[in-house]
Each structure stands twice: as structure tokens, then as C-alpha cells.
Amino acid sequence: MRQQRNKPQAPVQLLPREHSVYSLYQQPKSVKPRRYIPQNCERALDAPDIVDDFYLNLLDWGSANVLAIALGRTVYLWDASSGSVSELVTVDEDMGPVTSINWAQDGLNLAVGLDNSEVQLWDSVASRKVRTLKGGHQSRVGSLAWNNHILTTGGMDGKIINNDVRVRSHVVKTYRGHTLEVCGLKWSESGQHLASGGNDNLVHVWEHSTRRSLHRFEEHTSAVKALAWCPFQSGLLATGGGGEDRTIKFWNTRTGACLNSVDTGSQVCSLIWSKKERELLSSHGFTQNQLTLWKYPSMVKMAELNGHTSRVLYMTQSPDGCTVASAAGDETLRLWNVFGVPEDAKKAAPKAVPQPFSNVNRIR
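Please read these numbers as outputs of a predicted model, since none were measured by experiment.

## Structural notes on the overall build of the protein
And then number 1: Looking only at helices and strands, one finds two helices and 28 strands in the protein.
And then number 2: For the protein, with 364 residues in total, the buried portion stands at 54%.
And then number 3: For the protein, long-range pairs separated by at least 24 residues make up 46% of all intrachain contacts whose partners lie at least 6 apart in sequence.
And then number 4: Taken as a whole, the protein presents about 17100 Å² of accessible surface, with 47% of it coming from carbon and sulfur.

Structural data, given as C-alpha cells:
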């Protein structure tokens, strides 16, 4: 944007550091008030027997507003609208524990990855197992990502597999680029690109139409589990490194350029972009076990949310984009109102808005 050299001099109000310098020249008619960010969690629930393993993915909030969490060999479902809780499945001892869960886009079908290398597909409405995917992996499946009818699975064997859940011979594509466990998988919003992170410290960006790796990022110095595609800037990928790395890096996946790298001071376990603002939420391990809210692109800290007493391994976002659920090795699940208030909640009377899971204090 060009600076207006001949603009008459006028008093300029000082703005917070995270505002772009361009906003000084825009002279907005009204300044948006700074959003209040609660420092304490909205609710804390017991989550006994949650597996304390950095490489797994055991928490997911689906589009039908149902939160799924795996505790040991059992998957539980919470309906956030009604507050009801139910057990979906407990797998046999020789199959478990559950190592990953992920909702399909419809929010009705749940994929459940297991320690014995199998993946089960469940109809959550009927509480019925639809099918079991076998033979693709040789060891546990710690990461899952849906792309319409394609379920992508990542294993400890380093393989990434596209499974077409509509057909009998479900393995339709295999991506080979990681030498150690695949612990993070995320499809871009367009469904054209897949990001993968592994215990080999690598990040790959794959093209859906081919088996080709568009980019192989080697800059992290520890395992990469945290991956997040930006919702407001196409091609922007955020990645977070483990205990020896501690950085959040931003990549232009069109050019392969690393746009920024920020040392967070602790293990990065998960990343979530805001759906409404240019903000990024990260969850961390030792030493503070906190959630940190960042303004993008300045990466100024907006808030630090404390409460967990162990590393915050799992994090997921509600469908309306306002609430974030986090689960940690301290065997608690916490709900944070970090990204604002839902639009329908603003319009409705307070008594008409039920608090999520208000009648539940313990998962089981």
C-alpha cells in the first residue's frame, strides 16, 4: 500500500503494537474494542486414563457439535448441545489402546486408530461399527485426517496411506517420505494439499493428485506433531516442534519459503487458528504447560492460559470457532472460551444458552 505523502498532518492515536502499520493510514471511523479473553477455563472435567503420549491424537470436536475423546481403550462422546455423554466403543485389550480419533466432515462418522495397526469406522448416531481397515500399516496408527471419502492414516511405520472408505480394497495411495512415526496429518481447506509431520523432525507437503512431495521442510530439530493450515491466507501453514525445538514456524507452501520462526520456550504440542480473527493458539509442555494466544503476523502474545499441570498434548476447536477443548497428561479436559462468543449466543437470552457439558463433571 502506498503512503500518502501529501496527506495533511493530523494527530495520530497510538495503536497497540500488534496492529499493522497500515492501519495508521486507514483512519477507521470506529476502533474495534479489545476482546476480553478469560484467563481461566470455562469448565474442567476429569479424564482418567488418557494416554500421556506426545505422538498420539486423542481429541476431536466434530461439525455436529459432538466432542470425542479416547481414554485408554474406550472412546467417549459428548453432545455439546445437550450435555449428554455416551460410550461409543471399548476395544479389546489386544487391539488397544486407542491411538487416534478423527471426525469425518459430516460430524457423524468417526475414525478410530488402534495400537494394533487397524482403523475402525463408527457411525456415532447408530453406535455401530461400519467397517475395519486392515493391512495398510504394520504398527500403531497415531494420526488421521479426512478428505471427503478419503481417510488418510499415518503410522509408526512411517507410512501415510489414503484409504477410500467406499470400496473394498481401501488402500488407494501411499505417501513415502518419513522414516519414523507420522504424528501429525492435516489436509488443506481445498483438499488439494496434505501436510504431514513426523518423529524424524520432518514436515512434508504432499499433492493430492499425485504421490509427489511438493516440499520437504527440515528446519525443525524435534518431532513435529502440531500442524495448522491458515483459514484466511491460502497456502500458509503453521508447524510446531517438540521439546528440543520449541519453535512455531510459518511456511508459504506455494514457494517453500519459511516466513517466520518463533521460539516459544517450550514443547509445542498443538496449533489452532482462529476462524474469526488473525490469531493462533498454541498448547505447550514443560515448563508451564500453558495455552498461548498469539496475534498474527506480529506474534505478539495476547494471553497465556494456565490450569493444566502436565503437558497439553491435545487440543480441538468447537464448530462455531469460539471454544477450545484441551486435554493433558494431568488427566483433565478443559474448555476455554478463547476465541469469543458465538453470534447466536449474543442474540439469545442468557437462560437460553446452556453451558457446554454443564451436567457432566467426569467423563466416566
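Next comes the rest of the account.
## Here we look at the sheet that holds strand β14 (residues 182-187)
And then number 1: As summarised here, the arrangement of the four strands in space is β14-β15-β16-β17, forming an open sheet in which the pairing is antiparallel. This sheet does not close on itself; its edge strands, each paired only once, are β14 and β17 (213-217). Sheet twist, expressed as the average angle between the axes of neighbouring strands with direction ignored, equals 15°.
And then number 2: Pairing analysis gives four bridges linking strand β16 (residues 203-207) to β17, with the strands arranged antiparallel. Looking across to β17, one finds that H204 is bridged to R216.

## Considerations on the pattern of salt bridges
And then number 1: Counted under the stated rule, the structure contains eight salt bridges.
And then number 2: A salt bridge links D164 to R166; the shortest N-O distance between them is 2.9 Å.
And then number 3: R166 gets classed as exposed once you look at its relative accessible area, which sits at 58%.
And then number 4: For R212, the salt bridge identified is with E207, shortest N-O distance 3.3 Å.
And then number 5: What emerges from the salt-bridge pattern is a single network uniting D53, R140 and E181.

## Focus on the side chain of H215
And then number 1: Along the chain, the position of H215 falls in strand β17.
And then number 2: A relative accessible area of 15% means that H215 is categorised as buried.
And then number 3: Looking at H215, its side chain comes within polar contact range of the main-chain oxygen of T253, at 2.6 Å.
And then number 4: Discounting residues that sit within four places of it in the chain, H215 has contacts with V203, H204, V205, T253, R254, T255 and G256.

## Observations concerning the nonpolar core
The nonpolar side chains of a soluble globular protein tend to be buried with one another.
And then number 1: The biggest cluster of nonpolar side chains holds 38 residues, and the ones touching the most others in it are I69, V75, L110 and L333.
And then number 2: When contributions to this core are tallied by element, the ones reaching two or more residues are β2 (59-61), β3 (66-71), β4 (74-79), β5 (85-90), β6 (98-103), β7 (109-114), β27 (324-327) and β28 (332-336).
And then number 3: Of the residues forming this core, the biggest block, six residues, is contributed by β3.
And then number 4: Core analysis: the next-biggest nonpolar cluster, separate from the first, contains 15 residues, A228, A238, F250 and Y296 among them.

## Details of the sheet that holds strand β10 (residues 141-147)
And then number 1: One open sheet holds the four strands; their spatial order is β10-β11-β12-β13, and the pairing between them is antiparallel. The outermost strands of the open sheet, each flanked by one partner alone, are β10 and β13 (171-176). Going from strand to strand, the sheet's axes swing by 20° on average, the running direction of each strand aside.
And then number 2: For strand β11 (residues 150-155) and strand β12 (residues 159-164), the ladder comprises five bridges, and the chain directions are antiparallel. When the bridges of β12 are listed, I150 appears paired with D164.

## Observations concerning the environment of G321
And then number 1: Mapped onto the fold, G321 is located in the loop between β26 (314-317) and β27.
And then number 2: Of the residues examined, G321 reaches a relative accessible area of 0% and is grouped as buried.
And then number 3: Not counting the four nearest positions on each side in its chain, G321 is found in contact with K275 and F339.

## Describing the packing of aromatic side chains
And then number 1: A complete count under the given rule lists eight aromatic pairs for this structure.
And then number 2: Ring geometry for F232 against W273: centres 5.4 Å apart, planes inclined by 90°, an arrangement best described as edge-to-face. One end of the pair, F232, is in the loop between β18 (224-229) and β19 (236-241); the other, W273, is in strand β22 (residues 268-273), and 41 residues separate them in sequence.
And then number 3: Judged by centre distance (5.1 Å) and plane angle (50°), the ring pair of F250 and Y296 falls under tilted. Of this pair, F250 sits in strand β20 (residues 247-252) while Y296 sits in the loop between β24 (291-295) and β25 (300-305), and the two are 46 residues apart along the sequence. Across the pair, Y296 and F250 agree in class, each one buried.
And then number 4: Taken together, the aromatic side chains of F232, F250, W273 and Y296 make up a single cluster linked through ring pairs.

## Focus: the pairing of β4
And then number 1: When you tally the buried positions in β4, you get five out of six residues, the bulk of the element.
And then number 2: Sheet analysis places β3 next to β4, joined by six bridges and oriented antiparallel. Residue L71 lies in a different strand from β4, and its bridge partner there is T74.
And then number 3: Linking β3 to β4, which pair antiparallel, is a turn of two residues; within it G72 sits at a positive phi near 65°.
And then number 4: Strand direction decides the pairing type here: β4 and β5, joined by five bridges, are antiparallel. Counterpart to T74 in the pairing with β5 is T90.

## A look at the confidence of the model for the protein
And then number 1: When pLDDT is averaged along the protein, the result is 89, and 85% of the positions lie at 70 or above.
And then number 2: Below a pLDDT of 50 lies the segment residues 1-29, which in the model reaches 15 contacts outside its immediate sequence neighbourhood of four places, other chains included.
And then number 3: Note on residues 348-359: pLDDT under 50 across the span, and 21 contacts to partners over four residues away in sequence or across chains.

Cut-offs and rules
The numbering scheme is per chain: residues are counted from 1 as the chain's sequence reads. In keeping with the predicted nature of the model, local features appear solely for residues at pLDDT of at least 70, side-chain atom pairs appear and are counted solely at 80 or more, and the whole-chain, interface and lining totals rest on all residues. With hydrogens and water set aside, each side-chain value is computed from the structure's full complement of heavy atoms. Here a helix means four or more residues in a row that DSSP labels H or I, a strand means two or more in a row labelled E, and each is numbered from the N terminus. Exposed residues in this analysis have more than 50% of their type's maximum accessible area, buried residues have under 20%, and partly exposed residues fall in between, with area computed by a 1.4 Å probe over protein chains only. What makes two residues a contact is simply this: any of their non-hydrogen atoms within 4.5 Å. Reported accessibility uses the Shrake-Rupley method at a 1.4 Å probe radius. Residues are deemed covered only where the shown protein chains occlude them. A pair of strands is treated as paired once DSSP finds two or more bridges between them. Only C-alpha atoms enter the line fits that serve as axes; for helices the fit covers just the stretch in contact. Angles between N-to-C directions range over 0 to 180 degrees. The term salt bridge refers to a pairing of a side-chain nitrogen on Lys or Arg with a carboxyl oxygen on Asp or Glu at a separation within 4 Å. A 3.5 Å cut-off defines polar contacts: any pair of N or O atoms within that distance qualifies, except that in protein one atom must be a possible hydrogen donor and the other a possible acceptor, and neighbouring residues in sequence count only when both atoms are side-chain atoms. Nonpolar cores are built from buried Ala, Val, Leu, Ile, Met, Phe, Trp, Tyr and Cys residues. Side-chain atoms within 4.5 Å join them into one set. Note on ring pairs: Phe, Tyr and Trp rings are taken, using the six-membered ring of Trp, and paired if centres are within 6.5 Å. Classes follow the plane angle, with under 30 degrees stacked, over 60 edge-to-face and the rest tilted. One confidence number per residue, pLDDT, is output by the predictor and ranges from 0 to 100.

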